Structures are given as structure tokens and as C-alpha cells.
Amino acid sequence: MSEKVSMRVKANGSIRVTGTVDFVDADGKVIKTETDFSLCRCGHSANKPFCDGAHKSHDFEAPEL
Ligand code: FES
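Just so it is clear, the structure is predicted and the values come from calculations on it, not from any experiment.

A few points about the sheet that holds strand β1 (residues 6-9)
The strand order β1-β2-β3 describes an open sheet built from 3 strands, whose pairing is antiparallel. Because the sheet does not close on itself, it has two edges, and the strands there are β1 and β3 (30-39). Across the sheet, the axes of successive neighbouring strands diverge by a mean angle of 25°, strand direction being ignored. Here β1 pairs with strand β2 (residues 15-24) via 4 bridges, running antiparallel. Opposite Arg8, over in β2, you have Arg16 as the bridge partner.

Following this line, the structure appears as C-alpha cells:
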């Protein structure tokens, strides 16, 4: 049974994922497993899909959800 994973959208920043997630390619193969990480939603990270803090220096303003 899978544990529940949460995703928290941070104001003008990343999406914080709490829990363990498998990253799966188009063929269904698990290519990476990560626990407790942040996803970039500003488009400026040099380490996509993960946030590297670049949103701060780009003054990212997120659209309203
Ligand atoms: S949201 Fe942090 S670098 Fe994009």
C-alpha cells in the first residue's frame, strides 16, 4: 500500500512535495525515486524539474490558483 504524498504550492515559489515519489518515463520504467523535494514552477531552475532557488532572483510571481 502506498503512503500518502502531499504537494504544497508555495506563494511565488516552488511546489513542495512531502513523501516518496517514483519518476517514471514514457515506457513506464522508474528512472528515479525521490523523497521530500521541491518542484520548479517558475521555469528558471538549472536543475529542472527541481527547484534550485532561482525563483527568488527572478522575482517570480505566480498566477493565482
Ligand atoms: S520555483 Fe524555484 S527555481 Fe523555479
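Now that the structure is up, let's keep going.
Section: the UniProt feature "domain: Iron-binding zinc finger CDGSH type" (unreviewed entry) in the chain
Feature annotation in UniProt assigns "domain: Iron-binding zinc finger CDGSH type" (unreviewed entry) to the following positions: residues 22-61. Annotated as 10% helix and 32% strand, the span residues 22-61 places its first and last C-alpha atoms 29 Å apart.

Quick word on the packing of aromatic side chains
Aromatic rings considered in pairs are described by the distance between their centres and by the relative angle of their planes. The final tally for this structure, using the stated rule, is 3 aromatic pairs. Seen from their ring centres, Phe37 and Phe50 are 5.6 Å apart, and the 85° between their planes marks the pair as edge-to-face. With a gap of 13 residues between them, Phe37 in strand β3 and Phe50 in the loop between β3 and α1 (54-57) connect regions that are remote in the sequence. Through a chain of ring-to-ring contacts, the aromatic side chains of Phe23, Phe37 and Phe50 assemble into a single cluster.

Conventions and cut-offs
- Residues numbered from 1 in each chain as written.
- Predicted model: local features only at pLDDT ≥ 70, side-chain atom pairs only at ≥ 80, totals over all residues.
- Heavy atoms only, no water.
- Pairing = 2+ DSSP bridges.
- Helix = DSSP H or I, 4+ residues; strand = E, 2+ residues; numbered from the N terminus.
- Axes fitted to C-alpha atoms, helices over the stretch in contact; angles between N-to-C directions.
- UniProt positions renumbered as here; feature names shortened; annotations may be inferred.
- Phe/Tyr/Trp six-rings, centres within 6.5 Å; stacked < 30°, edge-to-face > 60°.

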